[in-house]
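The chain contents come next:
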Amino acid sequence: MTVRVLLVGNGGREHAIAEATVMSPTDVKLYAIMSYKNPGIAKLCDDYRIADLTNFVAMKEFIQRIRPNFAIIGPEAPLGAGIADFFEEYNIPTVGPKKSLARLETSKAFTRELMQKYNIEGLPRFRVFESSEGLTEYLEELGQVVVKPDGLTGGKGVKVQGDHFKTLNEAYDYAMEILSKKQKVVIEEKLEGEEFSLQSFVSGETVLDFPVVQDHKRAYEEDKGPNTGGMGSYSDANHLLPFLDENDVKQAHAITEKVAKAIMKECGEAYRGVMYGGFIKTANGVKLIEYNARFGDPEAMNVLPLIKSDFVEVCQALVSGKLDRVKMEFENKATVCKYAVPEGYPGKPVKGETIDLSLVGKDARVFYASVEDKPEGLVMLGSRAVAFVGIADTISEAESIAEFAVSRVKGPVFHRSDIGTRRLIERRVKHIRRLLQNNDGSKD
Ligand code: GLY
């Protein structure tokens, strides 16, 4: 029987999902709903529709005609707007949680309070404010803080002391700005450590992990410049990271398992989709920074090309509550992903300019993101344009492959040449070593 899969989304992450879907040994037909025509996804599809991803009514005719066996939802906005609930009315199960469960990503206050209520470890000190009452005192109590608006902000709303502002007065002003928009604000202690992404398939109480990845959010080399959606990422052949051991990944997995159980109890139904934990390894163990209810972008492009299991079979098991009956296995390969982004990104990106990929060669995997195929060539739309993924036995070899490809893109783009390099990774390893040593010293 042919399995009809509907993909919702149009970025690099969704191109990787599309590729994993059509590579499945299952007989598959792929369909997509995109807000613009991603040339990589369009090529892999049997049919597609261009529609606003949160305008569900505009999808009705298409989904009724293709009658997908299940849908995979790429980005957070349709999940937050309730696409899984809408699709359920048409008997289309989704890899992606319903609106109430997607609060794991769409409300930072919800996730923190859930973890607190169910006594789940990995929680930094935090408080949720709906007014300024007690705000000054709490900022002073914590000393070093992170200020988070409660809702979705496209990765650009969280501000960290020392990175985005210096003083507690500035933290106060930013918190007040959020409160003035009738939004809740979460104030948390600032954690020091190294961040990593653990993406898991979750169905009820069953949690199956993808290999861990480290993303690079800052726009420029050496982690300088404004925050972006992620400029690139790497993973290691042993499915750990050079600064992370098996015990750290076990801690992160245990947190996700407990959150999966807790959210089912809290919402009265099972979470079915991706839980992508943004974790941080600190001197006091692994802590949770935030959850996303979807795959990471770029992180999806590191892990999906490594899957050895039948991706479609695993997705079917997930949506039907039988994830405990399947396994997910991955190639023991290292990966490095680097995005070519338009000059001026993220603040004032050039748009409408063409890029030429004719010199990038064939060694790296190419994932199209914010680009469209036009008569004049491959035209950039303003966000991260094209990602290149090197896959090899070591991070260093994978980095060379990705760097060769991304540096040969012709056009007004830039990329981070330091991602996946030995120098940057050694800095991360030394950072953790220093934190652990200081912690040991402070116990003497
Ligand atoms: N890599 C960051 C994100 O997907 O949110």
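Predicted model only: the values in this text are computed from it and were never measured.

J.: How should the pairing of strand 22 (residues 377-380) be read in this particular structure?
T.: Alignment of strand 19 (residues 354-355) against strand 22, held across two bridges, turns out to be antiparallel. In the sheet register, Thr354 faces strand 22, and the bridge partner there is Val379. Relative to strand 22, strand 21 (residues 371-374) is paired through four bridges, and the arrangement is antiparallel. From the neighbouring strand, Asp373 faces strand 22, where its bridge partner is Leu378.

J.: For this particular structure, what's the right way to read the pairing of strand 2 (residues 28-34)?
T.: The element strand 2 is extensively covered by neighbouring structure, given that six of its seven residues are classed as buried. Regarding topology, helix 1 (residues 12-22) serves as the crossover connection from strand 1 (residues 3-8) to the parallel strand 2, and that connection is right-handed. Relative to strand 3 (residues 47-50), strand 2 runs parallel, the two sharing four bridges. Note on strand 3: the bridge partner recorded for Ala32 is Tyr48. The parallel pair strand 2 and strand 3, bridged by helix 2 (residues 39-44), forms a crossover whose chirality is right-handed.

J.: I tried to follow the site of the ligand on my own but got confused; where do I start?
T.: Inspection of the region around the ligand gives Asp215, Lys217, Gly229, Tyr276, Arg294, Gly296, Asp297, Pro298 and Glu299 as its neighbouring residues. Gly229 places a polar main-chain atom, nitrogen or oxygen, 3.4 Å from a nitrogen atom of the ligand. Out of a free accessible area of 200 Å², the ligand has 88% covered by protein chains. Taken together, the residues of the shell around the ligand break down into two nonpolar, two polar and five charged.

J.: Even after reading the chapter, I still don't get helix 9 (residues 168-180), so can you show me in this structure?
T.: Because an α-helix completes one turn every 3.6 residues, residues spaced three or four positions apart along the sequence face the same direction. Look at helix 9: 18 Å from first C-alpha to last across 13 residues, which is about the 18 Å you get at 1.5 Å a residue. The complete set of buried residues in helix 9 reads Ala171, Tyr174, Ala175, Ile178 and Leu179. Buried positions in helix 9, seen along its axis, are confined to an arc of 140° and lie on one side of it. Among the exposed residues of helix 9, those oriented more than 90 degrees off its buried face are Asn169 and Ser180. Of the surrounding secondary structure, the elements contacted by the buried residues of helix 9 are strand 6 (126-129), helix 8 (135-142), strand 7 (145-149), strand 8 (159-160) and strand 9 (185-189). Lys182 sits one or two residues past helix 9 and shows a positive phi near 65°.

Definitions and limits used
What you see as residue numbers is a count from 1 along each chain, following the sequence as written. With the structure being a predicted model, the display of local features is reserved for residues of pLDDT at least 70 and the display and counting of side-chain atom pairs for 80 or more, all residues being used for whole-chain, interface and lining totals. Hydrogens and water molecules were not included; the side-chain quantities draw on all heavy atoms of the structure. Two strands are counted as paired when DSSP detects at least two bridges linking them. Secondary structure follows DSSP: runs of H or I at least 4 residues long count as helices, runs of E at least 2 residues long count as strands, and numbering of each begins at the N terminus. Type-normalised accessible area, obtained with a 1.4 Å probe on protein chains alone, sets the label of each residue: buried when under 20%, exposed when over 50%, and partly exposed for intermediate values. Handedness rule for crossovers: strands pointing away from the viewer, path from the first strand over the helix to the second running clockwise, crossover right-handed. Nearness here has a simple test: a residue counts as near a molecule or strand if at least one of its heavy atoms is within 4 Å of that partner. Think of a polar contact as two N or O atoms within 3.5 Å of one another; within protein, one of them needs to be a possible hydrogen donor and the other a possible acceptor, and neighboring residues in sequence only count if both atoms come from side chains. The method behind every accessible area is Shrake-Rupley, applied with a 1.4 Å probe, and residues are considered shielded solely by the protein chains displayed. We call Asp, Glu, Lys and Arg charged. Ala, Val, Leu, Ile, Met, Phe, Trp, Tyr, Cys and Pro are nonpolar, and the rest, Gly among them, are polar. Under the convention used throughout, the expected extent of a helix is 1.5 Å for every residue step, that is, one less than its residue count. Think of it as the arc spanned by the lines of direction from the helix axis to the C-beta atoms. Note on contacts: a residue pair is in contact if any heavy atoms of the two residues lie within 4.5 Å.

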